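# Residue-level structural notes
The primary structure of each chain is shown beneath.
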Amino acid sequence: RKEVEQDPGPFNVPEGATVAFNCTYSNSASQSFFWYRQDCRKEPKLLMSVYSSGNEDGRFTAQLNRASQYISLLIRDSKLSDSATYLCVVRGSARQLTFGSGTQLTVLP
Amino acid sequence: DAGVIQSPRHEVTEMGQEVTLRCKPISGHDYLFWYRQTMMRGLELLIYFNNNVPIDDSGMPEDRFSAKMPNASFSTLKIQPSEPRDSAVYFCASSLDRGQLYTDTQYFGPGTRLTVL
């Protein structure tokens, strides 16, 4: 079993749609959680951290359920520029990050 | 401010040749990470350094791979001899330890796209 599992998609949604991505992690000792975004042929970039109480950044909402070891990302009012691969990322007590394989999103005009 | 700098951006070589990838982390960052990304295996951590000292190299695939960090502003990842299965995008990332688990994040370089023929 992979440490971080994501639905690979692809998700193809129209502009303005709401889309949700899910992620599960296997290490219950994981301490912090992130969503990264990776555009085609580019490097991963931090989208947002995921806090235990859930957090929002504009159109993006992240949720964490430690009991279920489950992380989600909700994107409201999708824009064409949201098209990318979204990577679920988990960190344990050490400094290294464990990346999920990513969920590909295409927002269609 | 300059981000993480990697060179070369693209490398095409023949099987058996030595390949050296280079990375300059963000100034002041004390952690440096080397990753490899392929379609099949996704993004994998190869090795990371703290204050120029290798901390965990358990992700290095085999003895053909080696990494060094001679000073705080430079690191290399060497593959000798290279094989076609080493073809991938190699990313370098750096971070600063401020003791903030939720906000201490890694900044990635643009990557080196390696093709071994």
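All of the points below concern the structure found in this document. Remember, it's a predicted structure, so these values are computed and weren't measured experimentally.

## Describing the pairing of strand 5 (residues 42-50) of chain B
Residue and element names in this part refer to chain B. Of all nine residues making up strand 5, nine are buried, and the element is well covered by its neighbours. With eight bridges connecting them, strand 4 (residues 31-38) and strand 5 associate as antiparallel partners. Bridging across to strand 5, Phe33 finds its partner in Tyr48. Turn length for the strand 4-strand 5 hairpin, with the two strands adjacent in sequence and antiparallel, is three residues.

## Describing the side chain of B:Thr13
Along the chain, the position of B:Thr13 falls in strand 2 (residues 10-13). Assessed through its relative accessible area of 10%, B:Thr13 is described here as buried.

## Considering unusual backbone geometry
Here A:Gly9 and A:Pro10 are connected by a cis peptide whose omega angle stands at 10°. With respect to the secondary-structure elements, A:Pro10 resides in the loop between strand 1 (4-6) and strand 2 (11-14). In this model, B:Ser7 is joined to B:Pro8 through a cis peptide bond whose omega is -10°. Located in the positive-phi region is A:Asp77, a residue other than glycine, with phi close to 50°. Examined against the element boundaries, A:Asp77 turns out to sit in the loop between strand 8 (70-75) and strand 9 (84-91). When its relative accessible area of 36% is taken as the criterion, A:Asp77 is described as partly exposed. Phi is positive for B:Asn51, which is not a glycine, with a value near 50°. Mapped onto the elements of the fold, B:Asn51 is located in the loop between strand 5 and strand 6 (53-56).

Conventions used here
Residues numbered from 1 in each chain as written. Chains lettered and ligands numbered in written order. Predicted model: local features only at pLDDT ≥ 70, side-chain atom pairs only at ≥ 80, totals over all residues. Heavy atoms only, no water. Buried < 20%, exposed > 50% of the residue type's maximum accessible area, 1.4 Å probe, protein only. Helix = DSSP H or I, 4+ residues; strand = E, 2+ residues; numbered from the N terminus. Pairing = 2+ DSSP bridges.

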